[in-house]
Amino acid sequence: MIGGAVRSIGADVCHSGRVMRVWRRYGRRFETRSLHPNEVAALRSLEREGADEDRIATFLGGRWAAKEAVYKAVGGYRLLFPEIEVVAAAAAASDEVVRMPQPLVTLPLSGFGPRIKLHGASLAAAEAMGVKKVMLSLSHDASTIFAVAAALEAHGRS
């Protein structure tokens, strides 16, 4: 059971080629300002595996769209992109109930798929706003990526 009322939603459409161009131009600077360290590690893994440009563009574009949607759903100005972590579906499936010191983890909208973990000040800001969970759905077609995030509040909060 998911529990909690939908507090707000956020959505974003991203063209992966645009994010790829920014990454090419700014490289590590883009990574440190946009990606969680675990996402940087996943990106390095893709590079080591010889992933083609389309796969890397989809990876980066998906993260960007997801973070924008979460930013809009949770309330924005207090969230930092490196503290919003998109956890891939395979990693999320291996961590059925994500157990970590921070209580704010997500369940994907469809019961499978990527999850969001908030860290640091972004986690504290979301909790202070009454957000209990953030749910995410991502879809892509060629270079267009669409993300929807729903911020849920705890039962009984008004």
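Whatever comes next refers back to the structure up there.
Since the structure is predicted, the reported quantities are computational estimates derived from the model, not experimental observations. (Residues numbered from 1 in each chain as written. Predicted model: local features only at pLDDT ≥ 70, side-chain atom pairs only at ≥ 80, totals over all residues. Heavy atoms only, no water.)

Here's the deal with the packing of helix H1 (residues 16–26) against helix H4 (residues 53–74)
Logical step 1: Closest axis-to-axis distance for the H1/H4 pair is 8 Å, and the angle between their directions is 95 degrees. As judged from the angle between their axes, H1 and H4 are roughly perpendicular. Across the interface between the two elements, Ser16, Val19, Met20, Trp23 and Arg24 from H1 touch Glu53, Ile56, Ala57, Thr58, Leu60, Gly61 and Trp64 from H4.
Logical step 2: Across the contact of H1 with H4, the residue classes break down as 7 nonpolar, 3 polar and 2 charged. (Axes fitted to C-alpha atoms, helices over the stretch in contact; angles between N-to-C directions. Helix = DSSP H or I, 4+ residues; strand = E, 2+ residues; numbered from the N terminus. Parallel < 35°, antiparallel > 145°, perpendicular 65-115°, else oblique. Contact = heavy atoms within 4.5 Å. Nonpolar A, V, L, I, M, F, W, Y, C, P; charged D, E, K, R; others polar.)

Details of the nonpolar core
Logical step 1: The biggest cluster of nonpolar side chains holds 36 residues, and the ones touching the most others in it are Leu60, Val70, Val74, Ile116 and Leu118.
Logical step 2: With 10 residues, H4 is the largest single contributor of residues to this core.
Logical step 3: Residues in contact with Val74, not counting those within four places in the same chain, are Arg7, Ser8, Leu79, Ala126, Met129, Val131, Val134 and Ala151. (Core = buried A, V, L, I, M, F, W, Y, C linked by side-chain atoms within 4.5 Å. Buried < 20%, exposed > 50% of the residue type's maximum accessible area, 1.4 Å probe, protein only.)

Some points on H1
Logical step 1: Within the span of H1, buried status applies to Ser16, Val19, Met20 and Trp23. An end-on view of H1 places all buried positions within 105 degrees of arc, on one side of the element. Along H1, exposed side chains directed more than 90 degrees from the buried face belong to Arg18, Arg21 and Arg25.
Logical step 2: Buried positions along H1 lie against strand E1 (5–15), helix H2 (28–34), helix H3 (37–48), H4 and strand E5 (144–153). (Arc of directions from axis to C-beta.)

Comments concerning helix H6 (residues 120–128)
Logical step 1: Among the residues of H6, those classed as buried are Ser122, Leu123, Ala125 and Ala126. Taken around the axis of H6, the buried residues stretch over an arc of 165 degrees, which confines them to a single face.
Logical step 2: In this structure, the buried side of H6 is in contact with H4, strand E3 (115–118) and strand E4 (131–141).
Logical step 3: At the exit of H6 stands Gly130, carrying a positive phi of roughly 85 degrees.

Quick notes on the pairing of E3
Logical step 1: Neither face of E3 is open: one carries Arg115 and Lys117, the other Ile116 and Leu118, and all of them are buried.
Logical step 2: The pairing of strand E2 (residues 84–87) with E3 spans 4 bridges and is antiparallel. Residue Val86 lies in a different strand from E3, and its bridge partner there is Ile116. (Pairing = 2+ DSSP bridges.)

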